[in-house]
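A look at the structure
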Amino acid sequence: MSQQRPLPLKSQPVTNEQPRAAMLGSAASDGGALKVVAEGVPTAVRPDPPPGDGRHPIAWLHIYVPGRSAVPSATSRCLCGRDRRAVGRARVLALIDDHQAHRHTCPLRSPQEGRTAA
């Protein structure tokens, strides 16, 4: 004789008229403030982030050197809209120099109004 396994039952919806646990917790218990979290549950309160010094990156130089016999490449990007790429050792070295020079001429780093006014 083989035994037949009972089919798994699906969960049936609750039809009683009693309030659910979530509804009970939302009411004020003694006329005071409403409960926000259940008792005994730790809240994840993080400290305020440390204040920044006002600096943020505006230009990135990404250099990719895969190995000894592979060809290096580089990308120079800036928030002012500058986007340059180079492939090959000599061009990558030239792009590095150009990226350094752009730091002095970028309108986001050194506003032109301040230079002419001074």
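Check the entry above for the structure.
What counts as what
- Residues numbered from 1 in each chain as written.
- Predicted model: local features only at pLDDT ≥ 70, side-chain atom pairs only at ≥ 80, totals over all residues.
- Heavy atoms only, no water.
- Helix = DSSP H or I, 4+ residues; strand = E, 2+ residues; numbered from the N terminus.
- Buried < 20%, exposed > 50% of the residue type's maximum accessible area, 1.4 Å probe, protein only.
- Contact = heavy atoms within 4.5 Å.
- Disulfide = S-S within 2.5 Å.
- Pairing = 2+ DSSP bridges.
- Axes fitted to C-alpha atoms, helices over the stretch in contact; angles between N-to-C directions.
- Expected span 1.5 Å × (residues − 1).
- Arc of directions from axis to C-beta.

Overview of the side chain of Thr75
Positionally, Thr75 belongs in strand β2 (residues 73-78). Since its relative accessible area comes to 18%, Thr75 is described here as buried. Beyond its immediate sequence surroundings of up to four residues, Thr75 is in contact with Trp60, Leu61, His62, Asp83, Arg84, Arg85 and Leu95.

With respect to the state of the cysteines
In a disulfide, the sulfur atoms of two cysteines are covalently bonded to one another. Evaluated as defined, the whole model comprises 0 disulfides. Unpaired in this structure, Cys80 has its nearest cysteine sulfur neighbour in Cys78, at a distance of 3.5 Å. Cys80 gets classed as partly exposed once you look at its relative accessible area, which sits at 32%. Free of any disulfide, Cys106 has its nearest neighbouring cysteine sulfur in Cys78, separated by 3.5 Å. Classification of Cys106 by relative accessible area gives buried; the value is 1%.

What about the sheet that holds β2?
Ordered in space as β1-β2-β3, the 3 strands form an open sheet in which the pairing is antiparallel. This sheet does not close on itself; its edge strands, each paired only once, are β1 (59-64) and β3 (83-87). Strand-to-strand twist across the sheet, computed as the mean angle between neighbouring axes with direction ignored, equals 10 degrees. Of the pairings in the sheet, the one linking β2 to β3 comprises 5 bridges and is antiparallel in character. Within the sheet, the bridge partner assigned to Thr75 lies in β3 and is Arg85.

Things to note about helix α2 (residues 89-105)
An ideal rise of 1.5 Å per residue puts 24 Å on 17 residues; α2 measures up with 25 Å between its terminal C-alpha atoms. Taken together, the buried positions of α2 are occupied by Val92, Leu95, His99 and His102. Looking straight down α2, one finds its buried side chains confined to an arc of 70 degrees; they lie on one side. Exposed and oriented more than 90 degrees from the buried face of α2 are Arg89, Ala90, Asp97 and His104. Buried residues along α2 sit against β1, β2 and β3.

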